[in-house]
Amino acid sequence: MGATVDDDATLMLAYARGEPAAFDALYARHRASLYRFLLRSSGDPRVAEELFQETWSRVVAARARYTPQARFSTWLLQIAHNLLIDSYRRKRPLAGGDEAERALDQATLPEQAQPEQMLSEFERRRRLQQAIEALPDEQRTAVLLRMENELSVEEIAQVTGVGRETAKSRLRYAMNRLREQLAE
């Protein structure tokens, strides 16, 4: 661990002992990067601001339980990421039985997962996002409608104004490209 990590952990432990200036230093050091992360992840300044405030509230509430098992910034981003996921879940309709089970199998990490594992999951999701952005427009639209909005092939066809088989082909080609991109 580097000097910054030790310094952040020392500051958080000092804050836990009742030194408010230690929190001020942590806040000043991490506020910009935390806000940028939330804004880029959510794409909505209002949501980013709400999650930013809630993340710092959680840090304050957890100060007595804090133990430096990973870098402070990793711990902070894990809190923010979990709040972001919760925010997405509140906004999205629930998937059906089989789809929900598959999604949970792919997305859920054990509750005791280490922050490094969470960052690895974050990196995997970032690569997926980049691969989706690289798809041709029609394929990207089909994938996003399926993945983010959980639309059926028929609904994708209806939304995009194409036939069912065209929508199905776009989705199939997009999924094949994503598999290839992520296998690299």
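Now for a description of the structure that goes with this document.

We now examine the pattern of salt bridges. Tallied over the entire structure, the rule returns seven salt bridges. For Asp8, the salt bridge goes to Arg29, with nearest N and O atoms at 2.3 Å. Residue Asp8 is located in helix α1 (residues 3-16), and its partner Arg29 is located in helix α2 (residues 20-42); the two are separated by 21 residues in the primary sequence. Assessed through its relative accessible area of 37%, Arg29 is described here as partly exposed. Linking Asp44 and Arg46 is a salt bridge whose minimum nitrogen-to-oxygen distance equals 3.8 Å. For Arg46, a relative accessible area of 54% corresponds to the exposed category.

The next subject is the nonpolar core. In this structure, Met12, Leu34, Leu38, Trp56, Val59, Phe72 and Trp75 are the most contacted members of the largest nonpolar core, which totals 26 residues. Counting residues per element, the ones that place at least two in this core are α1, α2, α3 (45-61) and α4 (72-91). Sort the elements by how many residues they give to this core and α4 lands first, with seven residues. Once residues lying within four places of it in the same chain are set aside, the contact partners of Trp56 are Phe23, Leu26, Tyr27, His30, Arg31, Leu34, Phe72 and Leu76.

When you line up the elements, Ser87 lands in helix α4. Setting aside residues up to four positions removed in sequence, Ser87 forms contacts with Val47 and Leu51.

So, about the packing of aromatic side chains. In the structure shown here, the tally under the stated rule is ten aromatic pairs. Arranged with centres 6.2 Å apart and planes meeting at 25°, the rings of Phe23 and Tyr27 form a pair that is stacked. Placement of the pair is Phe23 and Tyr27 together in helix α2, with a separation of four residues, close to one helical turn. A relative accessible area of 15% means that Phe23 is categorised as buried. For Tyr27, a relative accessible area of 28% gives the class partly exposed. With centroids separated by 5.6 Å and ring planes inclined at 90°, the aromatic side chains of Phe23 and Trp56 adopt a geometry described as edge-to-face. Separated by 33 residues along the polypeptide, Phe23 in helix α2 and Trp56 in helix α3 bring together distant segments of the chain. Ring pairing ties together the aromatic residues Tyr15, Phe23, Tyr27, Tyr35, Phe52 and Trp56, which thus form one cluster. The ring of Tyr173 carries Arg172 above its face, with NZ or CZ at 5.3 Å from the centroid.

The topology assignment puts Glu155 in helix α8 (residues 153-160). Taking the C-alpha atoms as reference points, Glu155 and Ala167, separated by twelve residues in sequence, lie 9.1 Å from one another.

About the thresholds
Residues numbered from 1 in each chain as written. Predicted model: local features only at pLDDT ≥ 70, side-chain atom pairs only at ≥ 80, totals over all residues. Heavy atoms only, no water. Salt bridge = Lys/Arg side-chain N within 4 Å of Asp/Glu carboxyl O. Helix = DSSP H or I, 4+ residues; strand = E, 2+ residues; numbered from the N terminus. Buried < 20%, exposed > 50% of the residue type's maximum accessible area, 1.4 Å probe, protein only. Core = buried A, V, L, I, M, F, W, Y, C linked by side-chain atoms within 4.5 Å. Contact = heavy atoms within 4.5 Å. Phe/Tyr/Trp six-rings, centres within 6.5 Å; stacked < 30°, edge-to-face > 60°. Lys NZ or Arg CZ within 6 Å of the ring centre and 35° of its normal.

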